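Below are the chains, spelled out letter by letter.
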Amino acid sequence: QQASVTMRNTSAVAWTPGYKLHSVFPGLFVDEVSIGETVLPGEEVTINFLITAVSSGIYHFQARMEAPFCGGFGDLTPLRIITVGDITDPEACADIENTLAATRNLLKFYQEWLQSAAPSQKPGIIFLIQQTNGQIAALLAQKQQLGCP
């Protein structure tokens, strides 16, 4: 499946052609594609790539930029739940429900952490809460799409 992601360089450093998009979840084969051009601070780049699944199933996709020799950095893309093939297995709904429960527990942890966090930590924790709420919304949409109870 062809896919694309548009990323904005919000740093003070130009991204050079060695920078690439890196998938943070295992299970899908994602071409790690170098950006192929210099992206100056404030500019956007659209990265086209191929996603391949090993078998039918429900997969999570989320990615971030990766700098040469430094690893991942910056904001994650929104979480996407990808269904591959005919998913009629009741275990698929159970998997989503288990993932929802774990994600809701994580959200609760972040919310409690926010209450006692130092002021300098709060923006990062708020970002984690927003990301986690997005993950919950994506899981609920996937549950509805599959017709889970």
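This structure is a prediction, so every number in the text was calculated from the model and none was measured. (Residues numbered from 1 in each chain as written. Predicted model: local features only at pLDDT ≥ 70, side-chain atom pairs only at ≥ 80, totals over all residues. Heavy atoms only, no water.)

So what's going on with the packing of helix H1 (residues 90-116) against helix H2 (residues 122-145)? Residues and values would help.
Packing of H1 against H2 brings their axes to within 9 Å, and their N-to-C directions diverge by 160°. Considering their axes alone, H1 and H2 lie roughly antiparallel with respect to each other. Considering only the axes of H1 and H2, their crossing is left-handed. Partitioned by chemical class, the residues of the contact of H1 with H2 number 13 nonpolar, seven polar and four charged. (Axes fitted to C-alpha atoms, helices over the stretch in contact; angles between N-to-C directions. Helix = DSSP H or I, 4+ residues; strand = E, 2+ residues; numbered from the N terminus. Parallel < 35°, antiparallel > 145°, perpendicular 65-115°, else oblique. Left-handed = near helix turned anticlockwise from the far one by under 90°. Nonpolar A, V, L, I, M, F, W, Y, C, P; charged D, E, K, R; others polar.)

An account of the state of the cysteines is requested, with residue identities and associated values reported.
Scanning the entire structure with this criterion turns up one disulfide. With its sulfur 2.0 Å from that of its partner, Cys93 forms a disulfide with Cys148. Across the S-S bond linking Cys93 and Cys148, the dihedral sits near -85°, which makes this disulfide left-handed. Taken together, the positions of Cys93 in helix H1 and Cys148 in the segment after H2 put the pair 55 residues apart, joining distant regions of the chain. Overall, the relative accessible area of 13% leaves Cys148 in the buried class. (Disulfide = S-S within 2.5 Å. Buried < 20%, exposed > 50% of the residue type's maximum accessible area, 1.4 Å probe, protein only.)

Help me get a handle on a nonpolar patch on the surface, residues and values and all.
Taken together, the side chains of Leu106, Phe109 and Trp113 make up a nonpolar region of the molecular surface, amounting to roughly 260 Å² of accessible area. Turning to its location among the elements, Trp113 is positioned in helix H1. (Patch = residues over 30% accessible without salt bridge, like charges linked within 9 Å, V, L, I, M, F, W, Y side chains within 5 Å. Areas by Shrake-Rupley, 256 points an atom, 1.4 Å probe, with all protein chains shown as cover. Salt bridge = Lys/Arg side-chain N within 4 Å of Asp/Glu carboxyl O.)

Kindly report on the pattern of salt bridges, identifying the contributing residues and their values.
Summed over all chains, the structure comprises three salt bridges. Across the pair Arg8 and Glu44 runs a salt bridge, and its minimum N-O distance is 2.9 Å. In this pair, Arg8 is assigned in strand E1 (residues 2-8) and Glu44 in strand E4 (residues 44-53), connecting sequence segments 36 residues apart. What makes Arg8 partly exposed here is its relative accessible area of 45%. Accessibility expressed as a relative area gives 45% for Glu44, which makes it partly exposed. Between Lys20 and Glu66 there is a salt bridge; the shortest N-O distance is 3.7 Å. Residue Lys20 is found in strand E2 (residues 20-23), and its partner Glu66 is found in strand E6 (residues 63-67); the two are separated by 46 residues along the sequence.

Give me the lowdown on the packing of aromatic side chains, citing residues and values where you can.
The tally for this structure, following the rule as stated, stands at seven aromatic pairs. Geometrically, the ring pair formed by Tyr110 and Trp113 is tilted, given 6.5 Å between the ring centres and 40° between the ring planes. Taken together, the residues Tyr110 and Trp113, both in helix H1 and three residues apart, mark about one turn of the helix. A relative accessible area of 13% places Tyr110 in the buried class. An aromatic cluster of three or more residues is present, and its members are Trp15, Tyr19 and Phe73. (Phe/Tyr/Trp six-rings, centres within 6.5 Å; stacked < 30°, edge-to-face > 60°.)

Shape descriptors only; they carry no functional weight alone.
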